[in-house]
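Notes for the structure review
So you can see what is in the structure, the chains are spelled out below.
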Amino acid sequence: MSDYSSPIPYPWQQPHWQAFLQQHEQKRLPHALLVSGQQGIGKWHYIQAMADYLLCLSPRSGLACGTCRSCQLNQSETHPDKLLLIPEDLGKLIKVDQIRQLSSTIASTAQQGGRKVIILGPVEQLNINAANALLKNLEEPASDTFFLLFSHVMSGVMATIRSRCQLFSMPIPEKSTAISWLQDLGFSGDMELILDMSSGAPLSARSLLENDDTTDKLEKFLKGLVQAQQNSASVDMSIAKEWLDIELSDILEWWPQLIHKVVTKRFKGKASKPADSATDYVFVRLMAEIQELAVGFNQQWLFRFMDKLLLSKKQLLQGANPNKQLLLEELLLDWYAIIKSR
């Protein structure tokens with residue numbers, strides 16, 4: 001038996017959830033919804049809650065009941081009227097063969113006598129043939145069939161697909177809401193800095209705090225930057241090799257946030273000392289050290305480097321498969337040039 005359970009929308013999603021319930025009550029739901037936004041803010045969780053609600057035979061209190069036959073099938077992940085179309089492997093593209101499953105699903109009658117729901121994404125990871133195949137299905141919506149799509153990079157989604165969906169850009173939660181949620185989970189320390197390093201995404205911050213492996217890798221990444229800044233007279237490319245066991249997506253998430261902290265500190269002046277509880281995290285102390293060393297960096301060079309990082313991140317989210325070592329070495333060389341720009 002799977003450990004799947006019907007999700008309850010997160011606190012920062014509640015206003016959007018109430019709007020969805022109102023649309024449902026007024027029978028104004030679109031046949032295709034495309035949810036976009038920063039990774040780690042709960043788009044997948046939100047869409048799953050919507051799918052369960054739409055498939056539930058007797059929803060109550062604004063949620064799926066959790067006990068009807070349809071909910072039981074959802075909990076065992078065997079619901080015949082719920083189709084998941086996601087990349088077969090992390091970072092890979094969604095293939096046209098996967099989209100072809102849609103035809104039979106759409107043509108068939110709902111086996112539980114209700115609706116059919118297709119969850120698909122990230123939409124920017126459709127290859128061109130898969131995107132065109134999806135477009136044909138969106139153009140001729142079937143009765144009581146709902147497409148729930150999600151995207152991390154809306155600019156990577158075909159305009160023709162966007163035009164056939166109702167678009168919903170899920171905002172990053174208010175920092176106070178995210179911090180309160182993390183504290184309710186039992187976390188303590190410099191939550192604001194941890195959220196900043198997670199691009200304001202509460203789920204990413206939670207993963208960082210509860211996953212020792214992720215925390216260790218963040219520390220390794222930051223130690224490499226400190227090493228480069230303290231010994232900038234010679235270029236040490238072994239740092240890039242030390243980073244090879246870190247997910248490239250994580251490095252492309254952390255580095256822009258670090259630059260943002262450096263630039264913000266320059267405008268705000270000397271930062272206050274972290275609270276004692278915050279210093280339990282080694283990466284907090286490393287962040288403070290890097291900020292002190294980076295005070296004199298050329299700001300324009302930092303901004304250009306951030307643009308490069310964000311472009312690499314966007315390409316990765318769209319399914320690009322760069323040579324990891326070469327890219328890390330190239331980025332490290334750029335960082336050495338910035339260090340020497342002081």
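Above this text is the structure in question.
What this report covers is the structure whose coordinates are included nearby. Given the structure is predicted, the values throughout are model-derived calculations rather than measurements.

Some words on the sheet that holds strand 4 (residues 145-151)
One open sheet holds the five strands; their spatial order is 2-3-4-1-5, and the pairing between them is parallel. Edge positions in the sheet fall to strand 2 (82-85) and strand 5 (166-169), since each has one partner strand and no second. Neighbouring strand axes in the sheet, compared pairwise and without regard to direction, differ in orientation by 15 degrees on average.

Notes on the side chain of Lys217
Among the structural elements, Lys217 can be located in helix 11 (residues 212-230). Its relative accessible area of 18% is what places Lys217 among the buried residues. Setting aside residues no more than four positions away along its own chain, Lys217 makes contact with Asp245, Ile246 and Trp254.

Considerations on the pattern of salt bridges
What the rule picks out here adds up to 13 salt bridges. A salt bridge links Asp196 to Lys261; its shortest N-O distance comes to 3.0 Å. One end of the pair, Asp196, is in helix 9 (residues 191-197); the other, Lys261, is in helix 13 (residues 248-268), and 65 residues separate them in sequence. Its relative accessible area of 13% is what places Asp196 among the buried residues. Note on Lys261: relative accessible area 18%, which makes it buried.

Some details on the packing of helix 1 (residues 14-25) against helix 2 (residues 43-55)
At a minimum axis separation of 12 Å, helix 1 and helix 2 run at an interaxial angle of 25 degrees. Compared by their axis directions, helix 1 and helix 2 come out roughly parallel. Of the two elements, helix 1 crosses helix 2, and the hand of that crossing is right-handed. Residues His16, Trp17, Phe20, Leu21 and His24 of helix 1 form the contact with helix 2, whose own contacting residues are Tyr46, Ala49, Met50, Tyr53 and Leu54.

Overview of the nonpolar core
By size, the foremost hydrophobic cluster in this structure holds 55 residues, and its most contacted members are Phe221, Leu222, Trp243, Trp255, Ile259, Phe283 and Trp335. It is helix 13 that contributes the most residues to this core, nine residues altogether. Trp243 has contacts with Lys220, Phe221, Gly224, Leu225, Ile251, Trp255, Lys324, Leu328 and Leu332, leaving out every residue within four places of it along the chain. Core analysis: the next-biggest nonpolar cluster, separate from the first, contains 24 residues, Leu85, Leu120, Ala130 and Phe147 among them.

Considering unusual backbone geometry
Cis geometry marks the peptide bond from Gly121 to Pro122, where omega comes out at -5 degrees. Its place among the elements puts Pro122 in the loop between strand 3 (116-120) and helix 6 (128-139). Located in the positive-phi region is Lys27, a residue other than glycine, with phi close to 55 degrees. Tracing the chain through its elements places Lys27 in the loop between helix 1 and strand 1 (32-36). In this structure Lys27 comes out as exposed when scored by relative accessible area, which is 77%. The backbone phi angle of Ser199 is positive, close to 60 degrees, even though this residue is not glycine. Residue position: Ser199 is located in the loop between helix 9 and helix 10 (202-210).

Parameters and conventions
- Residues numbered from 1 in each chain as written.
- Predicted model: local features only at pLDDT ≥ 70, side-chain atom pairs only at ≥ 80, totals over all residues.
- Heavy atoms only, no water.
- Pairing = 2+ DSSP bridges.
- Helix = DSSP H or I, 4+ residues; strand = E, 2+ residues; numbered from the N terminus.
- Axes fitted to C-alpha atoms, helices over the stretch in contact; angles between N-to-C directions.
- Buried < 20%, exposed > 50% of the residue type's maximum accessible area, 1.4 Å probe, protein only.
- Contact = heavy atoms within 4.5 Å.
- Salt bridge = Lys/Arg side-chain N within 4 Å of Asp/Glu carboxyl O.
- Parallel < 35°, antiparallel > 145°, perpendicular 65-115°, else oblique.
- Left-handed = near helix turned anticlockwise from the far one by under 90°.
- Core = buried A, V, L, I, M, F, W, Y, C linked by side-chain atoms within 4.5 Å.

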